[in-house]
Amino acid sequence: MDGSWGATCFGQFGLNASVSSLPEPSRPQSHVPVGAPILEPRVSLPMSLVALIHDKNWQALEEEWSSLMLQDGPLDDVYAALRYASDHKSIPRCMPLVREHADALADKQPADAAQMLGIALLAGGNPGELVGPLFKAVTKAWGDEDWYAPYAELAGLHENVQDMRQAWRMFSTLLKIEPGTAIVHSKGWGVGEITDLDRPGLEVAVKFKTGRRDRLPIKSAVEIFEVLPEEDLRSLVVKNPDELARLLREEPLEVLRNVLMRFRGRAGYAVIKGALFQLGVEGSSFSGWWRRVRKHAEGSPWFEISGTATKAQVQLNLQAADPAESLRRTLRLTHSLRKVHSRVRDLLAGGHVDDGMRAAALETVEAMAIEEGHPEADKLACWVLLREHREGTPEPLAERLSEAAAAEPPSDPSQAPQLWELFGMLNNSRDQERCVQLLHEIIPDEATYKKEVVTNLQHAAPGMVRPLLSELMEAKQGTQLVAQYVSLLARPSRNPTLLVALAALAENGKIEGDMPIPAHRAQSLIRLAVHLEANRIGDTSAQRAQTKLSALLTEGSPNLLKKLLKKAGTPALRSAMHLAERGVDSPLEGALTNLVAEIAPEIFQETEKPFWETGLWTTKIGLQLLEDQLRELVEVKLPENSEAIGKAASYGDLSENSEWEAAIEDQRNLTTRAAEIEADLRSVQLLENATLPADVVSPGKSVKYRDLASGKEKTLRILGPWDTVDDDIISYRAPLAAGLLGARSGDTVQISLPAGDVEVLLLEVDYVKLG
């Protein structure tokens, strides 16, 4: 591929006054066979004036341009040079050549002469030099046409016009309006096509892709529509959708090139996403297309990409560049080692990268990982990545692991040894899973390895849990796993991922041994559910554990919750209900409520419930925040998750792909959360509409109390779960507020909090001003 492709690109973007679709001037033809699979963009011209202007090689520019004057061929390279010169303040250097070239074209190709002079004028050329020759070329090219006079009048184009730039801009656009011309209305009508042109009546008829039809004055059409040149892919939406689909499928870089041409050769992820939306590519379809084209572009000499996948900047190169060197430079400019790791991991996923790019990526990661100032966790992730793509463990990682393995174990067994603490520093579940291989490498003796794992299983990072349990099950270590299960039931929040996995094994009969009675196991798992509900925001491992725990307890007939509690007495069921009231996910709450209603309905009939126990309550502000959460899930997080699923799929075999599993679990979490919010929105009631009892602590009240142990006084406002926008506001479902509900001024109340029991004296109860 030669160095001309940049000129072909730059000849087609930037100025709205481009007249590349005017009648008469010839157009270059693609050298690519129809239907050929293409990864590189197409090339049209053998030489680039743009490159000469970029290099400020004025003598060579004059020689090359003079050569073009002698040829009877397309002028796209000249138009490209003028637009590029405009962007780089070099138009004065080109003006003598423009005048000479236009003079040479004036007699036989006046339309081309007008086009060249018009582009030069709009690019910033001196009107004093251009207006006269331009008007002369225009009248010679089109002055005899019957439509010329009304068009010239509409555009205000005459010999003594004061603003020739505006007049030419309007006139050149009028020339493009013909039946079959594609247009776009940016305010909502979308892409359409001119179906009829009434030149005497100065009207046009338009049909849009949406089916809308309209007829309007031609001047209005020029003012509100953008006329699309033939090479703009948006025109294919109405003119040849099958060809557009083929390009998107078979020539992704050609599509990317075409998009970038519209934005002066450089565009960010959001702009590209918006441009593809106009081509009918959105959602997961865009995610898949972007993942594919980004990988091809990174290996192409004609593109330069910087930034992460969703914050990328893509630039066209004027001349072919070394992709490997471009990648090195781009990675070096990314100061965050975590982002470098993510970018290289995505690049190498699937293995479709040439050796040069692969070597450049790994060498840059290796060099940056030993530099000072980067977080230890990011360095570890990079070394694990290097180990995956090279033979052997990187020396810095081997040294760090040896140091950690040789460190004295902590005297408190609840604290993780340095080695397991090191594994836990890795943020990515896939990297954590690879730590199992590292552990084998550090402890090659099988018996010693087994002892190490059994002793420290409670400290395993979430990504290590599944492979470690598989190994221990294969090694017939069921008794030790039951002991781990029993231990974690007493401390459910220590390692939620491990506890859920062990519960699945134990409660499905895959491991056997002495365990607490079923009701106690159920209460421990409900306590874990409360912990996960309270800590799932921003913690993907907690979200995944919550999804698995909820499925374990509520799915099946009968479900596990019923198996564990069916023989429990009323006190145990009442205790389970009170525990769940602290907050669990909707499926578990529903399953427990149904179970109690079936086994011990008298629990619901013991007392008449106050209003806050009969529904879900919040303020108008809280309701707005809840609706905003749903909007973010539906419009931001779920689309991002679709992209993550596509990315994970590129990592290989889905049966052993932790990234895929994590992305799918995230999808379940997000869709479950969206469903929960939608259910809340259907049932939520406004505190502004509630009848609040006088002098009784309830949602919608402010409470002043004294801690009898410390003597400190504090005032709180008790509102809904989504109203906690200030420090003095707490949800009525929070343990402190729940302990105060129903009390009156002067009451002494003992409240059970996670940190221990407290005793308080209520001093004042008042209404909160709502609305």
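In case you missed it, the structure is sitting above this.
From a predicted model like this one, the values you see are computed outputs, not experimental measurements.

What follows covers helix H18 (residues 355-369). Helical geometry note: an α-helix holds 3.6 residues per turn, so side chains three or four residues apart project in the same direction. For H18, with 15 residues, the first-to-last C-alpha span of 21 Å sits near the 21 Å given by 1.5 Å per residue. Three or more residues of H18 are buried, namely Met357, Ala360, Ala361, Leu362, Thr364, Val365, Met368 and Ala369. On its buried face, H18 sits against helix H15 (283-298), helix H16 (323-333), helix H17 (337-348) and helix H19 (376-389). Two to three positions downstream of the cap, the backbone nitrogen of Gly356 sits 3.0 Å from a side-chain oxygen, assigning the N-cap of H18 to Asp354.

The next point concerns unusual backbone geometry. Across residues other than glycine, the phi torsion is negative in most instances, and most of the peptide bonds are trans. Following Ser557, the chain continues to Pro558 via a peptide bond in cis, the omega torsion being -5°. The topology assignment puts Pro558 in the loop between helix H28 (540-554) and helix H29 (560-565). The phi dihedral of Leu202 is positive, around 55°, even though this residue is not glycine. Tracing the chain through its elements places Leu202 in the loop between strand E2 (190-198) and strand E3 (203-208). A positive phi angle is found at Asp695, which is not glycine, with a value near 55°.

Looking at the secondary structure, you find Arg544 in helix H28. Its relative accessible area of 17% is what places Arg544 among the buried residues.

An ideal rise of 1.5 Å per residue puts 16 Å on 12 residues; helix H20 (residues 395-406) measures up with 16 Å between its terminal C-alpha atoms. Among all positions in H20, only Leu397, Leu401 and Ala404 are buried. On an axial view of H20, the arc spanned by its buried residues comes to 65°, and they lie on one face. Exposed side chains of H20 directed beyond 90 degrees from the buried face belong to Glu395, Glu403 and Ala406. In the core, the buried residues of H20 are packed alongside H19, helix H21 (418-424) and helix H22 (429-442).

What follows is about the sheet that holds E2. Spatially, 5 strands are ordered E4-E3-E2-E1-E5 in an open sheet, and the strand pairing comes out antiparallel. The open sheet is flanked by strand E4 (213-217) and strand E5 (226-228), the only strands paired with a single partner. Mean inter-strand twist for the sheet, computed between neighbouring axes without regard to direction, equals 35°.

Here we come to the packing of aromatic side chains. One pass over the structure, following the stated rule, counts 14 aromatic pairs. Ring geometry for Trp189 versus Phe208: centroids 5.6 Å apart, planes at 70°, classification edge-to-face. One end of the pair, Trp189, is in the loop between strand E1 (182-185) and E2; the other, Phe208, is in strand E3, and 19 residues separate them in sequence. Residue Trp189 is classed as partly exposed on the basis of its relative accessible area, which comes to 24%. Between Phe611 and Trp612, the aromatic rings sit 5.3 Å apart at their centres with planes inclined by 80°, giving edge-to-face as the arrangement.

For the rest of this paragraph, the subject is the pattern of salt bridges. The tally for this structure, following the rule as stated, stands at 35 salt bridges. Note that Asp196 is salt-bridged to Arg215, the shortest N-O span being 3.1 Å. Here Arg215 lies in strand E4 and Asp196 lies in strand E2, a separation of 19 residues in the sequence. Here Arg215 falls in the partly exposed class, since its relative accessible area comes to 41%. Here Arg706 and Glu713 are joined by a salt bridge, their closest N and O atoms 2.8 Å apart. In the salt-bridge network here, residues are joined through shared partners; they are Glu243, Arg246, Arg249, Glu250 and Glu251.

Attention now goes to the nonpolar core. The biggest cluster of nonpolar side chains holds 88 residues, and the ones touching the most others in it are Leu457, Met464, Leu468, Leu525, Leu561, Leu565 and Leu592. With 8 residues, the single largest contributor to this core is helix H27 (residues 518-535). Ignoring any residue separated from it by four or fewer positions in sequence, one finds Leu468 in contact with Trp420, Val436, Tyr449, Val453, Leu457 and Ala460. Of all hydrophobic cores here, the second largest spans 68 residues; its members include Ala111, Trp142, Val204 and Leu216.

Rules and cut-offs
Residues numbered from 1 in each chain as written. Predicted model: local features only at pLDDT ≥ 70, side-chain atom pairs only at ≥ 80, totals over all residues. Heavy atoms only, no water. Helix = DSSP H or I, 4+ residues; strand = E, 2+ residues; numbered from the N terminus. Expected span 1.5 Å × (residues − 1). Buried < 20%, exposed > 50% of the residue type's maximum accessible area, 1.4 Å probe, protein only. Contact = heavy atoms within 4.5 Å. Polar contact = N/O pair within 3.5 Å; in protein donor to acceptor, adjacent residues only side chain to side chain. Arc of directions from axis to C-beta. Pairing = 2+ DSSP bridges. Axes fitted to C-alpha atoms, helices over the stretch in contact; angles between N-to-C directions. Phe/Tyr/Trp six-rings, centres within 6.5 Å; stacked < 30°, edge-to-face > 60°. Salt bridge = Lys/Arg side-chain N within 4 Å of Asp/Glu carboxyl O. Core = buried A, V, L, I, M, F, W, Y, C linked by side-chain atoms within 4.5 Å.

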